[in-house]
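A closer look at the structure
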Amino acid sequence: MKIIKFKYDKFGIIHSLAFIIIAIVVISIASFGSNANPHLLPIVAIITFITIFIYIAINYLKPLLRGEPAMVIDDEKIFIRRNSTVIFWREVSKVDRLVINKSYYVIIHLKNETQVRISLIFYEVEADLIYKTLKSFFKNINFSESDVNQNSVYLN
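What comes next concerns the included structure. Keep in mind it's a predicted model, so treat the numbers as computed, not measured.

**A short note on the side chain of threonine 85**
- Mapping threonine 85 onto the fold places it in strand S4 (residues 85–88).
- The buried category is assigned to threonine 85, whose relative accessible area is 1%.

As structure tokens, then:
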């Protein structure tokens, strides 16, 4: 059985957090020169930063520090760590990619006419490589229609 694991990009995560910190500093400095309440904007910026930091820490930093892969692809299924999604290949009808404002996604079309959108932010490799890998697995795995189980995508 062939297994491919994609890891999170530690530098992408660190750069994102650094950008957020710099933005907060700039917002705080700019707010002190305004006529509005000079303390309100930095407080909102700090609350926003804490919210974004917690989101990134739970979804990306924690698995990164544990050495857990972001995505695991094998002959049977795709596992996406961020939302604990398991997609069985026998359910997949099509694999597409989507680019929105330089954000890359892979769209997995299922035979039950639903879609699973996978954001490729913070992956260690190029988004195109992940797409090509998924496309390659999809082309190489053939299942008959009788093997389809409508409940084989689990979102936790």
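On we go.
**Comments concerning the sheet that holds strand S5 (residues 92–100)**
- A sheet is described by the order of its strands in space; here three strands give the open sequence S5-S6-S7, paired in antiparallel fashion. With one partner strand each, in any of the chains shown, S5 and strand S7 (115–119) form the two edges of the open sheet. Neighbouring strand axes in the sheet, compared pairwise and without regard to direction, differ in orientation by 20 degrees on average.
- Pairing geometry for S5 and strand S6 (residues 103–110), over eight bridges, is antiparallel. Residue pairing for S6: lysine 94 is matched across the bridge by histidine 109.
- The strands touched by helix H3 (residues 127–140) are S5 and S6; relative to S5, the strand with the most contacts, the crossing angle is about 170 degrees.

**Some thoughts on the layout of surface pockets**
- Reported here for the largest pocket is a volume of approximately 220 Å³.
- Around the largest pocket sit 13 residues that line it, and Lys102, Tyr104, Leu120, Ile121 and Ala127 are the ones nearest its centre.
- Of all the elements in the fold, those that place two or more residues in the lining of the largest pocket are S6 and H3.
- Top contributing element to the lining of the largest pocket by residue count: S6, with three residues.

**Looking at the pattern of salt bridges**
- All chains considered together, the criterion is met by six salt bridges.
- Across the pair aspartate 96 and lysine 94 runs a salt bridge whose closest N-O atoms are separated by 3.5 Å.
- For aspartate 96, a relative accessible area of 22% translates into the label partly exposed.
- For lysine 94, a relative accessible area of 40% gives the class partly exposed.
- The residue arginine 97 makes a salt bridge to aspartate 128 at a minimum N-O spacing of 2.1 Å. One end of the pair, arginine 97, is in strand S5; the other, aspartate 128, is in helix H3, and 31 residues separate them in sequence.
- Residue arginine 97 is classed as partly exposed on the basis of its relative accessible area, which comes to 46%.
- Connected through salt bridges with shared partners, the residues Arg66, Glu68 and Arg81 form a single ionic network.

Rules and cut-offs
Residues numbered from 1 in each chain as written. Predicted model: local features only at pLDDT ≥ 70, side-chain atom pairs only at ≥ 80, totals over all residues. Heavy atoms only, no water. Helix = DSSP H or I, 4+ residues; strand = E, 2+ residues; numbered from the N terminus. Buried < 20%, exposed > 50% of the residue type's maximum accessible area, 1.4 Å probe, protein only. Pairing = 2+ DSSP bridges. Axes fitted to C-alpha atoms, helices over the stretch in contact; angles between N-to-C directions. Contact = heavy atoms within 4.5 Å. 1 Å grid on protein atoms, 1.4 Å probe; cavity = no way out; pocket = protein on both sides within 12 Å on 5 of 7 lines; lining within 4 Å. Points joined across faces, edges and corners; volume = space filled by probe spheres on them. Salt bridge = Lys/Arg side-chain N within 4 Å of Asp/Glu carboxyl O.

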